[in-house]
Amino acid sequence: MPRSAQPFLGFARLLRRHAFAIAPEQVIGFMQSVTLLGPRSMNDIREAALATLAPPPDRRGEFEAHFRAYFYGDAKPSIKGEEDDETRVKDDRGTREEENQVARREKGGELSSALEQLSSRDFQRDADSLGQFRRKLATALPGRRSFRTARTRSRGTLDLRRSLSEIVSADGDIPSPLLRRRQPVPRKLLLLIDVSGSMKLHTADYLKLAHAAVQGADRAEVFTFGTRLTRITSALRVRDREHALVRAAALVDDWDGGTRMGPTLLAFLAVPRFSAFARGACVVILSDALERGDHTELETAMRRFSARTFRLSLASPLAGDPRFRPATSALRAILPALDDLVDGSSIGSLTDFILSLASPAPAAETIWKRVS
Amino acid sequence: MANADAVAVTASPEAIAARLAASRYLADDSLATAIFLAIRLGKPLLLEGAPGVGKTEAAKAVAELLGRELVRLQCYEGIDAGHALYEWNYQRQLLAIRHAGEHEIDIYDDRFLIARPLLQVLRAPAQRVLLVDEIDRSDHEFEALLLEFLSDFQISIPERGTIRAATQPIVILTSNRTRELAEALRRRCVYHWIGYPDAEREAEIITLRASDVAEATARAVANAVQEIRARPLAKPPGIAEAVEWANAATILEKGGSPWPEAFRRAIGVLIKDEEDLSAIAPELGRIVEEALG
């Protein structure tokens, strides 16, 4: 290996140490690209690295920081949180401290913390139900007909490809026609977890549930929201739960802060690839929906979600209390858009609910009108 | 295009960028470099980005730049080998069997073979540019099938044997990132993320694409579109919509509408979602007036 190639190998090694998946063929491609480009400047090396080592867009900022640190000798990069431009929500409505002060003055916050103290925990049942939940989830989610087809004995369309080979092997005769039918596939599951201060007692449980969901379902996505929107699905793909939760926790940097539920959900819908994920999916929002001030944006976001999704559910920890009624103006406004408004106070109730998503149920508004 | 010309236009990223501009496609340095590297390394080029940033247009521009025919494979959920590689014409085979009677017949003859885009590319006598559009819409199984094709540029037809590419095609894949692609696919490709252009570049694109639009109008449209895109819309407008908006406003202005009014009336070609339209409507006048400067 020529000495001039050492820095490029070293950079690839550095990236691997920081959990970038770099294959040997990519490193070869990187060095070939540097040679092809001259290189005439450091920018050529950077462009070659970006094109061949292909950092995912959500880790581009981290990649650039490592590049500068390695090739320019900048100070050790401080990498924190999600750096995806698409997922970043501009927080331009004052500092978090201010928001917390406002939140403290609000009735909703007081109500939330008072009710949270009422909820009880059964740790053994939680652990058992998560294991069962993970195993059952793939088959429990509602299905839809895919465009992929599979062989069937009845009620299908003629499978000419296979029928023809049967005809040839049977010397021009076919005992019975072979049929194909579109295969059923489970719908996608999207979990949106509120990590604001009023949900503090529940976020750890919700993350455990989200980890089980990502492990169990074929296609599940998980986002957290508070003052920002953060995608944590990739962190939760790690099989070991403790390790996955540590990685997810490092991505989120608006723990226990204020809530801007409406604007963050609208921001989610404004990113085409996220919005596409919600289409035809089962969307479960884990939040108390205590939106401060004007709730117009929350209402718009919920209406848009409702138009896109197969089933839109809000699981609120407050609904665990038998005295709960959707009485706040925000909840009243979004209730018509919801398919379900259910108890989200414990892992047990949530896993039971998600596993029952395939069974039809009356709209949330009808149920709560009956209760009120 | 003669071979010598093809070599000249792909001699450097700058040469590629200049030639793309001549084909009315403005590529920044990074995209020109990625195209240069993909062509010179003989690897597929994977372009990712939001809808409407010009990924498919980039593939068309590359085909034009090289003077090669573009073969497009549009991906969708459920796409399989029969749609992408080849298919037998079963009806014709059955008819042929019936007509053959006692005679021997080869039902796997060329006349019964329907070549789909990947096979078309392999059998073409001259080099082709293959566009695999919106690969993120296909299933994981199809991605794996494509992987095999991309690494060896060959297809095995059980009844016919292996067909290898006469000349290695130039392959461009696009993805809107509605799902993450397999690492195996990403690492086989030269990768480039196309973002929305800044206002200055978008104004240049509008001027280039819509020749009737005045430069000042193009700048105003670009500024207004930047401001509109920064809002949480259900469908942020792409570059093509910005070009259409500039065109439509110019037509209305020539028809007698004064400036801010012409922009407002043409907004339907920029924003195609009713809720987005009602969200932006109250502020549209201010946005346009500020953009007009």
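## Examining the nonpolar core
- Core analysis: the biggest nonpolar cluster contains 53 residues, and F11 and F30 of chain A have the highest contact counts within it.
- With eight residues, helix α3 (residues 29-41) of chain B is the largest single contributor of residues to this core.
- In this view, F11 of chain A contacts F30, A49, L53, F63, H66, F67, Y70 and F71 of chain A; residues no more than four positions away in its chain are not counted.
- Grouped together as the second largest cluster of nonpolar side chains are 40 residues, F153, I157, V171 and W193 of chain B included.

## Quick notes on the interface of chain B and chain A
- With 46 residues of chain B in contact, the opposing surface of chain A contributes 47 residues.
- In total, chain B and chain A occlude about 3,900 Å² of area from one another, counting both sides; carbon and sulfur atoms represent 55% of this.
- In terms of surface lost to chain A, no three residues of chain B exceed E77, Y90 and R177 of chain B, which account for 16% of the buried area on that side.
- Across the pair E77 of chain B and R144 of chain A runs a salt bridge, and its minimum N-O distance is 3.2 Å.
- Between chain B and chain A we count 11 residue pairs in polar contact (both at pLDDT 80 or more) in total.
- Among the elements that make up the side of chain B that touches chain A, the one with the highest residue count is α3 of chain B (seven residues).
- The residue inventory of the side of chain B that touches chain A, partitioned by class, reads 19 nonpolar, eight polar and 19 charged.

## Details of the pairing of strand β8 (residues 311-316) of chain A
Residue and element names in this part refer to chain A.
- Burial of β8 is extensive: six of the six residues sit out of reach of the surface.
- Residues of β8 alternate between two faces, with R311, S313 and A315 on one and L312, L314 and S316 on the opposite face, all of them buried.
- Here five bridges tie strand β7 (residues 282-286) to β8, and the two strands are oriented parallel to one another. Each residue of the ladder has a partner; that of I285, found in β8, is L314.
- Pairing of β8 with strand β9 (residues 340-343), which is carried by four bridges, proceeds in the parallel orientation. By the bridge assignment for β9, S313 is matched with D340.
- You can see the chain leave β8, run along helix α15 (residues 329-334) and come back into β9, and the turn it takes is right-handed.

## Topic: the sheet that holds strand β1 (residues 45-49) of chain B
All names here are of chain B.
- One open sheet holds the five strands; their spatial order is β2-β5-β8-β1-β9, and the pairing between them is parallel. Strands at the two margins of the open sheet, each flanked by one partner only, are β2 (69-74) and β9 (190-194). Neighbour-to-neighbour, the strand axes of the sheet open up by a mean angle of 20°, direction not taken into account.
- As paired elements, β2 and strand β5 (residues 128-133) share six bridges and run parallel to each other. By the bridge assignment, Q74 is partnered in β5 with D133.
- Sheet contacts for helix α8 (residues 140-152): β2, β5 and β8 (170-175); angle to β8, the most-contacted strand, approximately 160°.

## Notes on the pattern of salt bridges
Residue and element names in this part refer to chain B.
- Under the defined criterion, the tally for this structure stands at 39 salt bridges over all chains.
- One salt bridge in this structure joins K60 and E57, with 3.5 Å as the shortest N-O distance. Of this pair, K60 and E57 both sit in helix α4 (residues 55-66), three residues apart, roughly one helical turn.
- The exposure class of K60 is partly exposed, given its relative accessible area of 36%.
- On the accessibility criterion, E57 (30% relative accessible area) is partly exposed.

Rules of the game
- Residues numbered from 1 in each chain as written.
- Chains lettered and ligands numbered in written order.
- Predicted model: local features only at pLDDT ≥ 70, side-chain atom pairs only at ≥ 80, totals over all residues.
- Heavy atoms only, no water.
- Core = buried A, V, L, I, M, F, W, Y, C linked by side-chain atoms within 4.5 Å.
- Buried < 20%, exposed > 50% of the residue type's maximum accessible area, 1.4 Å probe, protein only.
- Helix = DSSP H or I, 4+ residues; strand = E, 2+ residues; numbered from the N terminus.
- Contact = heavy atoms within 4.5 Å.
- Buried area = accessible area lost by both parts, 1.4 Å probe.
- Salt bridge = Lys/Arg side-chain N within 4 Å of Asp/Glu carboxyl O.
- Polar contact = N/O pair within 3.5 Å; in protein donor to acceptor, adjacent residues only side chain to side chain.
- Nonpolar A, V, L, I, M, F, W, Y, C, P; charged D, E, K, R; others polar.
- Pairing = 2+ DSSP bridges.
- Right-handed = clockwise from strand over helix to strand, strands pointing away.
- Axes fitted to C-alpha atoms, helices over the stretch in contact; angles between N-to-C directions.

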